[in-house]
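Chain and residue survey
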Amino acid sequence: MSFLPAPLLVRSSAPLARVTGVTRLAAGVLWLVAAAAVPDARGELVLLVTAVIVLVAWSGIPLRPLPRRMWPVALGALGLGLTAALGNAADRDLALPTLLALGPLRLTPPGLEAGLALALRVLVIGLTSLLVFAPADLTRLADALVQQLHLPDRLAYGSVAAMGLAPRTAADWQATGSARRLRGLAPRTPAGRLAAVPGRLLVVLVMAFRRGERLALAMDARGFDSGLPRSRYRPVRAGPLDAVVLAVAVAAVVLVVAVERTG
Amino acid sequence: MTPPPVRAAGFGWTYAGRSRPALHDLHFTLDPGQLLLVVGPSGCGKSTLARALAGIVPHALPGTWTGVLLVGDRDVAGTPPGVLGQEVGLVFQDPETQLVMPHVADEVAFGLENRGWDRERMLAAVPVALAEVGLGGFEARPTGALSGGEQQRLALADILAPLPHLLVLDEPTANLDPPGTAAVLQRLADLTARRDRSIVVIEHRRDALLPLADRVLLLDGEGGQVAFGSPAEVATRHPGALAGGRTWPAVAPPAPGAPVAVEVDAVSAAYPPVAAGPARAAVDGVSFVVRAGERVALVGPNGSGKSTLLQVVAGLRRPTAGTVRLVDPQGHGDDPARLPSAALPGRLALVFQDPEVGFVARRVLDEAGGTAAAPILERFGLAALADEDPFRLSTGEQRRLSLASTALQRPSLLLLDEPTFGLDERGRDAVAALLDEGRHAGQAQLMATHDPRLLPGCDRVVALREGRVIFDGPAARFLGSPPYDPPDPWRLGGVVPRVAVGSAA
């Protein structure tokens, strides 16, 4: 019923959970740069396998709920990979051998390679995001962004507060559908359902906006963003482990890119 | 000598874009350590006064300021909110739109961080503030997993932690169940007894707060001051103004042998898992019937399954076991979840706690059912608003509109989720009159409510605890010995807090 998944219960003693959010973010950005830089499917595969090893060994993320969480990413990878494979320019080159024919579509080795590379790249992006964002709760991430990257408090903690309202907004969306059904206005066709969306969305947005406004007033009343410098209840300090994680990430990325580019 | 915590001299405020002031010509002085109860009808500017005392008005909301309002020796209009915030703490009505951080300790520390307290001081102050509101040991809990009453006590801890001189509470119990209300009011009584802080409370449960109040400010419907003085003085000069909330008059029992309108048989339902939500009980083997012309109240603490049960009865959620039979006048039973949407309006309707989620039209008249609904709007006191956008109405008006939109469709079963939430006396009376009309016409009514004052007007009470029915019988028997532990908050007038000895003088 609810489209907001419960948070993953990450083992907080795991190395990746003990470094700051900014360290994970930096390592994740490196990984994505590498995913963009390696030229072929083999390189992406190496990046993916490495990320999976990190996931299993050092992230503390429980594996059991992942299939249910990550299937949209897998589906996206499959879809994009297929599109790239079957829509590849090389597929029209009749000199190349046909691996598979689907009506007017044919699959050639370069097409397969391109599709595979793209699909793997999408998986790398999905898994990297998971490794960056799942190990810490929102508060810790906001703390790191504010204290290490000097993001404005208003943006960081405003987002934390707004996320707290998300479940209510999800419930409102369901309630608008329920109300329409009881009033005899439930759409019977998919087209009708689509046509009802703007009206329901308007209701949900008005309510979310009001709630946000009340929350902002409550934050102001507690002296938030009043111009005084804020102190920190949860200091964020990068330690030796952060240096190790970053160094390992840099080394791994340099190695993969160098080998793949030359090899 | 300490200055008075609040002094108003001709204070008034008009929100930008409004022609009439929200408040005007307030003159009063509160003495240190006193508790001021602000009383007046819905829309009289009570919340505006709370906002002004915290500096939200005029610093965060646009409008026109008149006269003088001093908090301590600071002029509100001329003091930056950050500075004023050192003196004043404000608790709002709705717990979920005032808690900022996902965990309890971080939440209390948030206000201290804003004031730049050093970390050692914060680490010491957070547990003290939590203990003060009875939440000691809750530091690591997710705020979303607390009950409504616990959340409001947390909001109280938030404003106690920075040690302000003035506490302002804007209807802190409006959204709470009876035990939550009793717990918050008891904490308030304890704070009052210490006399080390001044408190301004806006509260619709006057009966509960009058024993604590040193001063009462009575406002009229237009934001003007009617009276200021001790509760005894105000009560003498304005008899009735401070009377406790009226209870719903008892109803004559329905004709014996009235046909069953809905039959709930051994229904169980599971809550869906919700991110960081409170631990949710399910509905577990619930059976009861509601007959035509009968009004049944569904009571129980937060999380006991009332809302889930209403949704199952409305056919909006499939039970995991058991059946719901919606019986038509010919005696034919249907599962409401299987009826087509178009067949539902005459059979059943649900008035949501938040009427807004049900609005489908952009005009009040259309929302009520089109031109045919004009006489209905008249009876619901909404005729003047026929062309307004439903979203621009007040809570009370929205609830009446929500009821009005069910009047044309004449459902044989009317379900209501907290029909008097956020309503003042007048609003409650209006809703009661409308429901009486429906009941006389043979409508079956099932309403979830936290307000014991509504129970005398119900034929029966079905009480839930942890998803099970623990009582099904006449309202008088329920009010006489509520089946909960402790029973007192569920009695009429039962939420009155114990006043510490020697402090009521």
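So, how was this worked out
Residues numbered from 1 in each chain as written. Chains lettered and ligands numbered in written order. Predicted model: local features only at pLDDT ≥ 70, side-chain atom pairs only at ≥ 80, totals over all residues. Helix = DSSP H or I, 4+ residues; strand = E, 2+ residues; numbered from the N terminus. Rg over C-alpha atoms; globule rule 2.2 N^0.38 Å. Buried ≥ 20, exposed ≤ 12 C-beta atoms within 10 Å, placed from the backbone. Contact = placed C-beta atoms within 7 Å. Nonpolar A, V, L, I, M, F, W, Y, C, P; charged D, E, K, R; others polar. Pairing = 2+ DSSP bridges. Axes fitted to C-alpha atoms, helices over the stretch in contact; angles between N-to-C directions. Expected span 1.5 Å × (residues − 1). Parallel < 35°, antiparallel > 145°, perpendicular 65-115°, else oblique. Left-handed = near helix turned anticlockwise from the far one by under 90°. Core = buried A, V, L, I, M, F, W, Y, C linked by C-beta atoms within 7 Å. Right-handed = clockwise from strand over helix to strand, strands pointing away. pLDDT = per-residue confidence, 0-100.

**Considerations on the overall build of chain B**
- Each helix and strand in chain B was counted, giving 15 helices and 20 strands.
- Computed over C-alpha atoms, the radius of gyration of chain B comes to 24 Å, within 12% of the 23 Å expected from 2.2 N^0.38 for 505 residues, which places it in the range of a compact globule.
- In terms of overall dimensions, chain B has C-alpha extents of about 75 × 50 × 40 Å along its principal axes.
- In chain B, buried positions account for 52% of the 505 residues.
- Counting only contacts in chain B whose residues sit at least 6 apart along the sequence, the fraction spanning at least 24 positions is 70%.

**Things to note about the overall build of chain A**
- Summing up its helical and strand segments, chain A has 9 helices and 2 strands in all.
- When the elements of chain A are put in sequence order from the N terminus, they spell out α-α-α-α-β-β-α-α-α-α-α.
- Seen along its three principal axes, the alpha-carbon backbone of chain A occupies a region of about 70 × 60 × 35 Å.
- A fraction of 76% describes how many contacts in chain A between residues 6 or more apart in sequence connect residues 24 or more apart.

**What to know about the interface of chain B and chain A**
- Counting from both sides, the interface comprises 54 residues of chain B and, opposite them, 51 residues of chain A.
- Mapped onto the side of chain B that touches chain A, the elements with two or more residues apiece are helix H3 (81–84), helix H4 (104–114), helix H5 (119–132) and strand S16 (348–351) of chain B.
- Here the element with the most residues in the side of chain B that touches chain A is H4(B); it accounts for 6 residues.
- Among the residues making up the side of chain B that touches chain A, the classes are represented as 33 nonpolar, 12 polar and 9 charged.

**Side note on the sheet that holds strand S9 (residues 215–219) of chain B**
Residue and element names in this part refer to chain B.
- Spatially, S6-S7-S8-S3-S9-S10 is the arrangement adopted by the 6 strands of the open sheet, whose pairing is mixed. Looking at which strands have only one partner, the edges of the open sheet turn out to be strand S6 (88–91) and strand S10 (225–229). Between one strand and the next, the sheet's axes are offset by a mean angle of 15°, whatever the strand orientation.

**Examining the pairing of strand S3 (residues 35–39) of chain B**
- With 5 of its 5 residues buried, S3(B) lies for the most part within the structure.
- Alternating residues of S3(B) divide into Leu35(B), Leu37(B) and Val39(B) and Leu36(B) and Val38(B), and every residue in both groups is buried.

**Structural notes on the environment of Asp190(B)**
Residue and element names in this part refer to chain B.
- Position of Asp190 among the secondary structure elements: in helix H7 (residues 178–194).
- Taking the C-beta count within 10 Å as the criterion, Asp190 has 17 such neighbours and is therefore assigned partly exposed.
- Spatially, the C-alpha atom of Asp190 lies 51 Å from that of Gly257, the residues being 67 residues apart in sequence.

**Concerning H5(B)**
All names here are of chain B.
- Over its 14 residues, H5 extends 20 Å from the first C-alpha to the last, a length consistent with the 20 Å expected when each residue adds 1.5 Å.
- Buried residues of H5: Met122, Val126, Ala129 and Leu130, and no others.
- Contacts from the buried residues of H5 go to H4 and helix H6 (148–160).
- With its phi angle positive at about 80°, Gly134 sits one or two positions after the end of H5.

**Things to note about the environment of Leu492(B)**
- Relative to the helices and strands, Leu492(B) resides in the segment after helix H15 (475–480).
- Non-local contacts of Leu492(B), meaning those with residues more than four positions away in its chain, are made with Thr247(B), Pro452(B), Arg453(B) and Leu479(B).

**Comments concerning the packing of helix H2 (residues 21–37) of chain A against helix H3 (residues 41–58) of chain A**
Residues and elements named next belong to chain A.
- In the contact formed by H2 and H3, the axes pass within 9 Å of each other and the chain directions differ by 155°. Comparing their axes, H3 and H2 come out roughly antiparallel. For the pair H2 and H3, the sense of crossing is left-handed. Between H2 and H3, the contacting residues are Trp31, Ala34 and Ala35 on the first element and Glu44, Leu47 and Ala51 on the second.
- Of the residues in the contact of H2 with H3, the class split is 5 nonpolar, no polar and 1 charged.

**A short note on the nonpolar core**
- Judged by nonpolar contacts, the single largest core of 136 residues is most densely connected at Leu47(A), Leu37(B), Val38(B), Leu53(B), Ala157(B) and Val168(B).
- Per-element tally for this core: the top contributor is helix H5 (residues 109–133) of chain A, with 13 residues.
- By size, the runner-up hydrophobic cluster in this structure holds 74 residues, among which are Leu298(B), Leu326(B), Leu348(B) and Leu393(B).

**Some thoughts on unusual backbone geometry**
Residue and element names in this part refer to chain B.
- Between Val57 and the following residue, Pro58, the backbone shows a cis peptide bond with an omega angle of 10°.
- You can see Pro58 is positioned in helix H2 (residues 56–59).
- Along the chain, Asp485 connects to Pro486 via a cis peptide bond; the corresponding omega equals 0°.
- Positionally, Pro486 belongs in the segment after H15.

**Side note on the sheet that holds strand S15 (residues 333–334) of chain B**
All names here are of chain B.
- Spatial ordering of the open sheet is given by S12-S11-S14-S15, a layout of 4 strands whose pairing is antiparallel. Strands with a single pairing partner mark the edges of an open sheet, and in this sheet they are strand S12 (283–291) and S15.
- Pairing of strand S11 (residues 260–269) with strand S14 (residues 321–327) involves 5 bridges; the strand directions are antiparallel. Paired with Glu263 across the two strands is Arg325, which belongs to S14.
- Sheet strands touched by helix H10 (residues 306–313): S11, S12 and S14. Its angle to S11, the strand with the most contacts, is close to 120°.

**Overview of the pairing of strand S17 (residues 413–417) of chain B**
All names here are of chain B.
- The element S17 is largely enclosed, with a buried count of 5 among its 5 residues.
- Side chains Leu413, Leu415 and Asp417 of S17 all project onto a buried face; the interleaved residues Leu414 and Leu416 project onto the opposite face, where all are buried too.
- Where S16 lies against S17, 4 bridges are found, and the strand directions are parallel. The residue of S17 that forms the bridge with Ala349 is Leu414.
- Direction of pairing for S17 relative to strand S18 (residues 444–448): parallel, over a ladder of 5 bridges. Residue Leu416 lies in a different strand from S18, and its bridge partner there is Met447.
- Traced from S17 through helix H14 (residues 425–440) to S18, the parallel crossover comes out right-handed.

**Examining H4(B)**
- Most of H4(B) sits out of view: 11 of its 11 residues are buried.
- Those residues of H4(B) lying buried are Val104(B), Ala105(B), Asp106(B), Glu107(B), Val108(B), Ala109(B), Phe110(B), Gly111(B), Leu112(B), Glu113(B) and Asn114(B).
- Residues of H4(B) that are buried in the fold lie against helix H6 (138–149) of chain A together with H5 and H6 of chain B.

**A look at the confidence of the model for chain A**
- Of the residues in chain A, 97% have a pLDDT of 70 or more, and the chain-wide mean is 87.
- Taking the mean pLDDT of every element in chain A, the minimum, 76, falls on strand S1 (residues 100–102) of chain A and the maximum, 93, on H6(A).

**Looking at the confidence of the model for chain B**
All names here are of chain B.
- For chain B, the average pLDDT comes to 88, and 96% of its residues sit at 70 or higher.
- Mean pLDDT in chain B bottoms out at H3, which sits at 78, and peaks at strand S2 (residues 23–30), which reaches 96.
- Confidence over residues 274–279 falls short of pLDDT 50; this stretch has 20 contacts with residues more than four positions distant or in other chains.
- Both scores are available for the predicted complex, with the pTM at 0.85 and the ipTM at 0.85.

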